[in-house]
Amino acid sequence: MNGSKKIKSALISVFDKEGLGPIVQELHKNEVVIYSTGGTQKFIEELKIPVVPVEELTSYPSILGGRVKTLHPKVFGGILTRRDNTSDQEQIAEFEIPELDLVIVDLYPFEDTVASGADHSDIIEKIDIGGISLIRAAAKNYKDVVIIPSKNQYATFLDIISENACETTLGERKDFARDAFDVSSHYDSHIFSYFNNGKKETFKQSISNNQTLRYGENPHQKGIFHGDLDAIFDKLWGKELSYNNLLDVDAAVNLMGEFKNDGPTFAILKHNNACGLATRETIHQAYVDALAGDPVSAFGGILISNTRLDVTTANEISSLFCEVVIAPSYEAEAIEILKGKKNRIILVQKEVEMPKRQFRTILNGVLEQDRDLVSETKEMLESRTDAKPTENEIEDLLFANKLVKHTKSNTIVIAKNKQLLASGTGQTSRVDALNQAIHKAQTFKFDLNGAVMASDAFFPFPDCVEIAGNVGVKTVIQPGGSIKDQLSIDYCNSNGISMVFTGIRHFKH
């Protein structure tokens, strides 16, 4: 009733042989006839287990330097024959084609070869032809054939045949067929991406690693992360990252990437926006001053450092409830201090190049764009007012502009002495964003005299520079580009405020 079938014959052709030995031994124990070729055949022979070379079945040798081994009707006929189809059975009897009940494949490592920086000719040779064909054929005929499409299925398959004397159910074979088409589609997607190199505007993404999350943005939503977190972080302590944690961690990593080559810098984020940021002589002082930016919002936040986290800083952090701490490294004692909260997540960030493309689902499709990788430098600034910013003010302007790039629009950032004093985030009006920032800065008793202001987009009217000037802001950085830029320039000139244009807008929605 469950469609159980006994495996009597198998074709095995794999690249990665780790974990294959116990499977071959179990098949042999159950008197399964094994066909193989090349390196896999040699591997089986070294186990002292009988194996029939595919060349004996096809009467053709491996040709073209191994490019053609299994591509033959006697192989594919044995896989694709339908056991309950009289015509199929008559034909395989006529041509003396043995039925193949099991196919085990592990494809050439195309993706890893590309990632290794190999040259084009080596990459081309890692495009598997026979293996991918075997996978599709066996998966298509899952009613009668078991397909093991990669080494990732070895353990599951071994458990099944060990417990059931080499019998499989229809449900198990269908599950393996699903895995097979997952493997083959992923493989082909990466081959296409290599050849396409962004030239054809087609959306094809395939990520084989995934992690089921406790839930999505809210408890009633299912959440899954598709990707390899272990490639980016070493997790030292704490619970599993949640959906919302991951969004905040992503924002934190992207923001701190702007300060990778700066002095000790510390940031605190909440709901994807920084509520504290400072660059100082020591990471301890950077943390203290980042926390001072908004000690209320810091509760339950994400903390990130651009340098080694020491014991002094860890002791300061230990008194704050925070979800995640991220740093490139930690002093050993600092780790033990941070472990004082059992659920606090401690991550070591690795040196990894982040993707240069971004995707977002909308309506019934997907938006794709280049990641915003432009970071303004001193040389890119264009002074547009009579008053010119000092060297220290230029450093503050660039500091604030890095932050405004990673804050939800509309946004205004107010900073001073490389410390975030306050920001207005995600407002429908730029004036509202500025007023929000001023209110927050004043709430935490910051002196705004001599502060700088950064805006993610141009000022259509002079109202923002007027409001900022009235509270002590002395210099402004903005993209420029409004047909009414001159109104803001004129106000600055009349009130001794310096202003520079970047020519680069940094909307973030």
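Structural data are supplied above this passage.
Computed from a predicted structure; not experimentally measured.

When helix 13 (residues 311-318) is considered as a whole, its buried residues turn out to be Val-311, Thr-313, Ala-314 and Ile-317. On an axial view of helix 13, the arc spanned by its buried residues comes to 155°, and they lie on one face. Those residues of helix 13 hidden inside the fold are in contact with strand 11 (265-270), helix 12 (283-293), strand 13 (301-305), strand 14 (322-327) and helix 14 (332-338).

Looking at the second largest pocket, its volume works out to about 470 Å³. In this structure, the second largest pocket is lined by 26 residues; those nearest its centre are Gly-66, Arg-67, Lys-69, Tyr-108 and Asp-128. For the lining of the second largest pocket, the secondary structure elements donating two or more residues are strand 2 (9-14), helix 2 (38-46), strand 5 (102-106), helix 7 (120-125) and helix 8 (130-140). Its residues placed into classes, the lining of the second largest pocket shows nine nonpolar, 10 polar and seven charged.

Okay, helix 17 (residues 463-470) next. Every buried residue belonging to helix 17 is among Cys-464, Val-465 and Ala-468, and all of these are buried. In an axial view of helix 17, the angular spread of the buried residues amounts to 95°, which keeps them on one side of the axis. For helix 17, the elements touching its buried residues are helix 16 (430-443), strand 21 (452-455), strand 22 (475-478), helix 18 (485-494) and strand 23 (498-501). Within two residues after helix 17, Gly-472 carries a phi angle of roughly 110°, on the positive side.

Attention shifts here to the packing of aromatic side chains. The description of two aromatic rings rests on the distance between their centres and on the angle between their planes. Applying the stated criterion to the full structure yields nine aromatic pairs. For the ring pair Phe-157 and Phe-176, a centre distance of 6.1 Å and an interplane angle of 75° mean the geometry is edge-to-face. Pair noted here: Phe-157 is in helix 9 (residues 154-163) and Phe-176 is in helix 10 (residues 170-196), with a separation of 19 residues, a long-range link. Judged by centre distance (5.2 Å) and plane angle (70°), the rings of Phe-203 and Phe-359 are edge-to-face. Here Phe-359 lies in strand 16 (residues 357-362) and Phe-203 lies in the loop between helix 10 and strand 8 (210-212), a separation of 156 residues in the sequence. Every member of this aromatic cluster is reached through a ring pair, and the members are Phe-110, Tyr-187, Tyr-194 and Phe-195.

Rules of the game
- Residues numbered from 1 in each chain as written.
- Predicted model: local features only at pLDDT ≥ 70, side-chain atom pairs only at ≥ 80, totals over all residues.
- Heavy atoms only, no water.
- Buried < 20%, exposed > 50% of the residue type's maximum accessible area, 1.4 Å probe, protein only.
- Helix = DSSP H or I, 4+ residues; strand = E, 2+ residues; numbered from the N terminus.
- Arc of directions from axis to C-beta.
- Contact = heavy atoms within 4.5 Å.
- 1 Å grid on protein atoms, 1.4 Å probe; cavity = no way out; pocket = protein on both sides within 12 Å on 5 of 7 lines; lining within 4 Å.
- Points joined across faces, edges and corners; volume = space filled by probe spheres on them.
- Nonpolar A, V, L, I, M, F, W, Y, C, P; charged D, E, K, R; others polar.
- Phe/Tyr/Trp six-rings, centres within 6.5 Å; stacked < 30°, edge-to-face > 60°.

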